[in-house]
Amino acid sequence: MDKLEHIGIAVKNLEKSNRLFTKLLGKPPYKSEDVPLEGVRTSFFDVGGVKIELLEAIRADSPIAKFIEKRGEGLHHLAFAVDPIEDKMKELSAEGFHLLSDQPKVGADNKMIVFLHPKATNHVLVELCTERLIGK
Ligand code: ZN
């Protein structure tokens, strides 16, 4: 893994949590973005190069809605930057980690992403991400 890229936090109300984290971190989010594929609305704060991603469900069948239903609001995932992502996926599969998809998917903040199954990672959901090249 190249670096901890961001920490994802599941929230019920993004607007409220944006206000809370703006107060906590002393700066507003630098972007807000919907990821229709995942059924989430996100906002991002930059804290010295590591980002905080707040995630709110925009559909009842969104993974974030299910997560909050089961476990409540809070820490959702750790995202590590890797490059190239395909090589790291192969490497981790060979080590016995389960990937939640065969191919990287389009994520927020101009990233291609893939999740590891939390069963094999001490129940911490781990995301691999890489910068998305336009047209790729
Ligand atoms: Zn993320």
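Our subject in this report is the structure included herewith. Because the structure is a prediction, the values reported are computed rather than measured.

Focus on the coordination of the zinc ion
Around the zinc ion, the protein supplies His6 (NE2), Glu53 (OE), His77 (NE2) and Glu127 (OE) as donor atoms, at distances of 2.1 to 2.3 Å. One way to put it: the four donor atoms around the zinc ion meet at angles of 83 to 164°, and that makes the site irregular. Judged by its relative accessible area of 6%, Glu53 is buried.

Re the pattern of salt bridges
Within this structure, the stated rule accounts for 12 salt bridges. Between Glu15 and Arg19 there is a salt bridge, with its nearest N and O atoms 3.9 Å apart. With a gap of four residues between them, Glu15 and Arg19 both fall in helix α1 (residues 14-25), about one helical turn apart. Note on accessibility: Glu15 and Arg19 belong to one class, exposed. Notably, a salt bridge pairs Glu131 with Lys111, separated by 3.1 Å at the nearest N-O pair. Taken together, the residues span a long stretch of sequence, with Glu131 in strand β8 (residues 125-131) and Lys111 in strand β7 (residues 111-116) at a distance of 20 residues. Bridged by salt links that share partners, the residues Glu5, Lys31, Glu33, Lys51, Asp109, Lys111 and Glu131 form one connected network.

Basis of the calculations
- Residues numbered from 1 in each chain as written.
- Predicted model: local features only at pLDDT ≥ 70, side-chain atom pairs only at ≥ 80, totals over all residues.
- Heavy atoms only, no water.
- Donors = N, O, S within 2.8 Å, 3.2 Å for Na, K, Ca; no water.
- Tetrahedral: all angles 85-135°; square planar, octahedral: opposite > 155°, others 65-115°.
- Buried < 20%, exposed > 50% of the residue type's maximum accessible area, 1.4 Å probe, protein only.
- Salt bridge = Lys/Arg side-chain N within 4 Å of Asp/Glu carboxyl O.
- Helix = DSSP H or I, 4+ residues; strand = E, 2+ residues; numbered from the N terminus.

The values are spatial; any link to function lies outside them.
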